[in-house]
Amino acid sequence: MPHEKIVYIILGPTASGKTAVAIELARYFKTSIISADSRQCFRELNIGVAKPTVEELAAVPHFFINNLSITEEVNARLFEESALAFTQKIFAKSNTAVMAGGTGLYIKAFCEGMDSMPEIDPGIREKLRNDFSKNGIQWLQDEVQKKDTAFWKQSEQHNPQRLLRALEIWESTGISIIDFQKNKKTHRDFNIIKIGLEIPMPALYERINKRVDLMMQQGLLYEVENLLPYRNCAALQTVGYKELFEYMDGNYSIDLAVEKIKQHTRNYAKRQMTWFKRDKDIQWQNGNTPFDCSAFL
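Below: a short report on this structure. (Residues numbered from 1 in each chain as written. Predicted model: local features only at pLDDT ≥ 70, side-chain atom pairs only at ≥ 80, totals over all residues. Heavy atoms only, no water.)

## Observations regarding unusual backbone geometry
One non-glycine residue with positive phi stands out, namely Lys30, at about 55°. Here Lys30 lies in the loop between helix H1 (18-29) and strand E2 (33-35). Among the residues examined, Lys30 registers a relative accessible area of 71% and is labelled exposed. A positive phi is found at Phe64, a non-glycine position, where the angle reads about 65°. Structurally, Phe64 can be placed in the loop between strand E3 (62-63) and helix H3 (76-91). On the basis of relative accessible area, Phe64 is assigned to the buried category, the value being 1%. (Helix = DSSP H or I, 4+ residues; strand = E, 2+ residues; numbered from the N terminus. Buried < 20%, exposed > 50% of the residue type's maximum accessible area, 1.4 Å probe, protein only.)

Here is the structure:
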């Protein structure tokens with residue numbers, strides 16, 4: 001039976017125009033936006049995560065943006081709990097809410113719920129995080145590939161938080177995280193409409209390249225320099241930050257670092273599309289054409 005309340009989810013790869021469409025839709029329905037982005041929630045990260053501008057944040061109320069520090073842990077379960085609470089807060093004033101983002105696991109958690117995971121020994125968690133801080137992302141990737149091969153083959157292999165989660169479950173139980181993912185969907189008491197923004201890959205890659213150039217012009221290097229004391233935080237082992245740390249270490253020239261950011265962002269966009277294309281409930285829209293809000297009444 002259809003519910004009265006609706007959450008419209010604007011999703012798609014990075015640089016596909018999700019922010020602009022979400023703001024347009026939220027204005028149309030006179031409602032608020034919940035960000036489904038695993039990095040825009042951190043106060044310290046701005047340019048490198050393509051966070052909405054001050055003007056965009058002022059145009060429409062936003063949730064799950066700037067509400068955490070990079071020293072805090074964030075995961076899909078925390079997002080699910082937070083987003084559901086934000087949704088109820090929005091529904092107190094409106095029958096409609098908008099969600100926007102490209103973190104597929106967060107969107108899946110919000111729509112379907114999270115599987116029950118085993119308790120983790122705090123000592124194991126602390127040791128793995130210390131080992132990661134000392135040895136870096138390559139060590140983490142090697143450990144997951146060696147110990148939880150099944151997860152490695154289908155994981156986002158450059159996402160340290162998810163790799164750490166898989167490894168701590170393996171170390172605690174000797175069982176793959178996949179075995180705890182039963183895919184039992186939780187039914188929400190509101191309707192969900194997923195709208196995907198799709199752009200031909202050559203055009204999307206060009207957008208990504210231009211966006212990275214703009215980020216550098218806006219001061220991304222300065223942002224990364226200010227984050228140097230926190231460089232071992234998991235949130236900074238990601239595209240746009242790790243490459244510039246390599247430059248600061250003398251391992252890359254600045255030109256190579258920028259090219260690496262573009263390349264890794266393009267790779268990430270491709271992985272996002274692979275994830276989203278598995279979801280048959282998504283209504284795909286041409287991201288290069290004007291968005292018609294009235295078509296979703």
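That shown, we press on.
## What about the side chain of Asp148?
Locating Asp148 in the fold gives a position in the loop between helix H5 (122-147) and helix H6 (149-154). The contacts of Asp148, once residues within four sequence positions are left out, are Glu143, Ala166, Trp170, Ser176 and Ile177. (Contact = heavy atoms within 4.5 Å.)

## Observations regarding the sheet that holds strand E5 (residues 191-198)
The parallel open sheet is built from six strands, whose spatial order is E3-E2-E4-E1-E5-E6. Either end of the sheet is taken by a strand with one partner, and the two such strands are E3 and strand E6 (283-286). For E2 and E3, the ladder comprises two bridges, and the chain directions are parallel. Bridged to Ile34 within E3 is Phe63. (Pairing = 2+ DSSP bridges.)

## A closer look at helix H8 (residues 201-218)
Taking 1.5 Å of rise per residue, the 18 residues of H8 would be expected to cover 26 Å, and the 25 Å separating its terminal C-alpha atoms lies within 8% of that figure. Those residues of H8 lying buried are Leu204, Ile208, Asn209, Val212 and Met215. Buried residues of H8, seen end-on, are gathered within an arc of 140° and therefore sit on one face of the element. Facing away from the buried side of H8 by over 90 degrees, the exposed positions are Pro202, Lys210 and Gln217. Buried residues along H8 sit in contact with helix H9 (220-226) and helix H11 (254-276). Trailing H8 by a residue or two, Gly219 shows a phi angle of about 110°, which is positive. (Expected span 1.5 Å × (residues − 1). Arc of directions from axis to C-beta.)

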